[in-house]
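Structural overview
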Amino acid sequence: MRGTRAALDVVGRLFFPPVCLGCRNLVAAPGTLCSSCWKSLRFIEQPWCPVYGTPFEHEMHDGHLSAEAIANPPPFDSARSAVSYTSIAQHLVRGLKFGDRTDLAPWMARWMHRVGEDQFGENAVIVPIPLHRSRYLKRRFNQSAELGRALASISGLQFAPQILIRKRMTRQQVGLKASQRLKNVQGAFAVPDEAKASLVGRSVVLVDDVYTTGATAFSASRALKRGGAGTVHVLTFARVLPEDFAMEDRELI
């Protein structure tokens, strides 16, 4: 049986050789990046703010908060992102979101799992940022749900997309400034009555593809807390870091 599987693997690689997740050039193993794309990927590493997950330039003492966390405490308990939203990370996110590249989700989720392991409590449940029903019917899939489903498979946690809904249609956030994003998603999310009993006291890992200004994460986290969640931890593949944009004087990605 093992010999048959190995033979099939060899045949499969001959007809469908592994390619780079970014540029599609040939690579040695599936789910990897070529050396050029790998060099352009910027991982977010510690030390970071324990609340917002934004990296510090220098080592800080345990529990040290960023200025943003002190001035603007979020409704979620923590936020983590695997990579900075630059270069190849942009390409991967856009491929998943707009290019129907759902095959990218399991590989992106592996990097998310690495950076978010401290958020996975025993009773944690994975909840993706939902699409409105009309947008879901048009797009046919939710990129956040694809990431969440892959994370559940890796971590063994429950995947519960039914816990959070988008109760009204919102504009796409792409191209909106920070203040516009906040207004756009204000009150857009809710926990259905039938889901509240299963949510009370639970720890939620809220999954999305990109954390930009935090508007979506703020709104969704407030809805989850109102619905009974004990803690909410935001986990995204990519993050637009403060040095990557000036919030009020340019359009956001």
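This text goes with the structure placed above it.
Residues numbered from 1 in each chain as written. Predicted model: local features only at pLDDT ≥ 70, side-chain atom pairs only at ≥ 80, totals over all residues. Heavy atoms only, no water.

**Thoughts on the overall build of the protein**
Tallying secondary structure elements over the protein gives 10 helices and seven strands in all. For the protein, long-range pairs separated by at least 24 residues make up 72% of all intrachain contacts whose partners lie at least 6 apart in sequence. Surface exposure of the protein reaches about 13,000 Å², of which carbon and sulfur atoms provide 54%. (Helix = DSSP H or I, 4+ residues; strand = E, 2+ residues; numbered from the N terminus. Contact = heavy atoms within 4.5 Å. Areas by Shrake-Rupley, 256 points an atom, 1.4 Å probe, with all protein chains shown as cover.)

**Some thoughts on the pattern of salt bridges**
Taken as a whole, this structure holds eight salt bridges when the rule is applied. Asp-77 is the partner of Lys-225 in a salt bridge, and the nearest nitrogen-oxygen pair spans 3.3 Å. In this pair, Lys-225 is assigned in helix α10 (residues 215-226) and Asp-77 in the loop between α3 (67-71) and β1 (78-84), connecting sequence segments 148 residues apart. Asp-103 is the partner of Arg-101 in a salt bridge, and the nearest nitrogen-oxygen pair spans 2.9 Å. For Asp-103, a relative accessible area of 39% translates into the label partly exposed. (Salt bridge = Lys/Arg side-chain N within 4 Å of Asp/Glu carboxyl O. Buried < 20%, exposed > 50% of the residue type's maximum accessible area, 1.4 Å probe, protein only.)

**Points about the nonpolar core**
As a rule of thumb, soluble globular proteins bury nonpolar side chains together. Leu-41, Val-83, Leu-92, Met-108, Trp-111, Leu-151 and Phe-237 are the most contacted members of the largest nonpolar core, which has 41 residues in total. Mapped onto this core, the elements with two or more residues apiece are β1, α4 (88-98), α5 (105-116), α7 (143-155), β6 (203-211) and β7 (231-239). Setting aside residues up to four positions removed in sequence, Leu-151 forms contacts with Ala-109, Met-112, His-113, Phe-120, Ile-126, Gly-156, Val-207 and Leu-235. Of all hydrophobic cores here, the second largest spans 31 residues; its members include Cys-49, Val-127, Leu-206 and Ala-229. (Core = buried A, V, L, I, M, F, W, Y, C linked by side-chain atoms within 4.5 Å.)

**Comments concerning the packing of aromatic side chains**
As enumerated under the stated definition, the model contains six aromatic pairs in all. Both rings, one in Phe-76 and one in Phe-218, keep their centres 5.6 Å apart while their planes meet at 90 degrees; by these two values the pair is edge-to-face. Taken together, the positions of Phe-76 in the loop between α3 and β1 and Phe-218 in helix α10 put the pair 142 residues apart, joining distant regions of the chain. An aromatic cluster is present here, built from Trp-38, Phe-43, Trp-111 and Phe-237 joined pairwise through their rings. A cation over a ring is seen here: Arg-114 above Phe-43, with NZ or CZ 5.5 Å from the ring centre. The ring of Tyr-211 is capped by Arg-239, whose NZ or CZ atom sits 4.0 Å from the centre of that ring. (Phe/Tyr/Trp six-rings, centres within 6.5 Å; stacked < 30°, edge-to-face > 60°. Lys NZ or Arg CZ within 6 Å of the ring centre and 35° of its normal.)

**Let's talk about the layout of surface pockets**
Empty space within the largest pocket amounts to approximately 560 Å³. Lys-97, Gln-173, Asp-208, Asp-209 and Thr-216 are the residues nearest the centre of the largest pocket, which is lined by 34 residues in total. Residue assignment for the lining of the largest pocket shows that the elements contributing at least two residues are α4, α6 (133-139), α7, α8 (178-185), β6, α10 and β7. Here the element with the most residues in the lining of the largest pocket is β6; it accounts for five residues. The class makeup of the residues in the lining of the largest pocket is 14 nonpolar, 11 polar and nine charged. Lining the second largest pocket are 19 residues, with Pro-130, Leu-131, Tyr-136, Pro-161 and Leu-164 sitting closest to its centre. (1 Å grid on protein atoms, 1.4 Å probe; cavity = no way out; pocket = protein on both sides within 12 Å on 5 of 7 lines; lining within 4 Å. Points joined across faces, edges and corners; volume = space filled by probe spheres on them. Nonpolar A, V, L, I, M, F, W, Y, C, P; charged D, E, K, R; others polar.)

**Quick word on the environment of Thr-231**
Along the chain, Thr-231 falls in strand β7. On a C-alpha basis, the gap between Thr-231 and Ser-221 in space is 9.1 Å, while along the polypeptide they are 10 residues apart. Among residues more than four places away in sequence, those in contact with Thr-231 are Asp-77, Arg-202, Ser-203, Val-204 and Lys-225. A polar atom in the side chain of Thr-231 sits 3.0 Å from the side chain of Ser-203. Within the local environment of Thr-231, its side chain forms a polar contact with the side chain of His-233, the two groups lying 3.5 Å apart. (Polar contact = N/O pair within 3.5 Å; in protein donor to acceptor, adjacent residues only side chain to side chain.)

**Quick look at the pairing of β1**
Summarising burial for β1: seven of the seven residues are buried, a large majority. As paired strands, β1 and β7 are joined by six bridges and run parallel to one another. When the bridges of β7 are listed, Arg-80 appears paired with Leu-235. (Pairing = 2+ DSSP bridges.)

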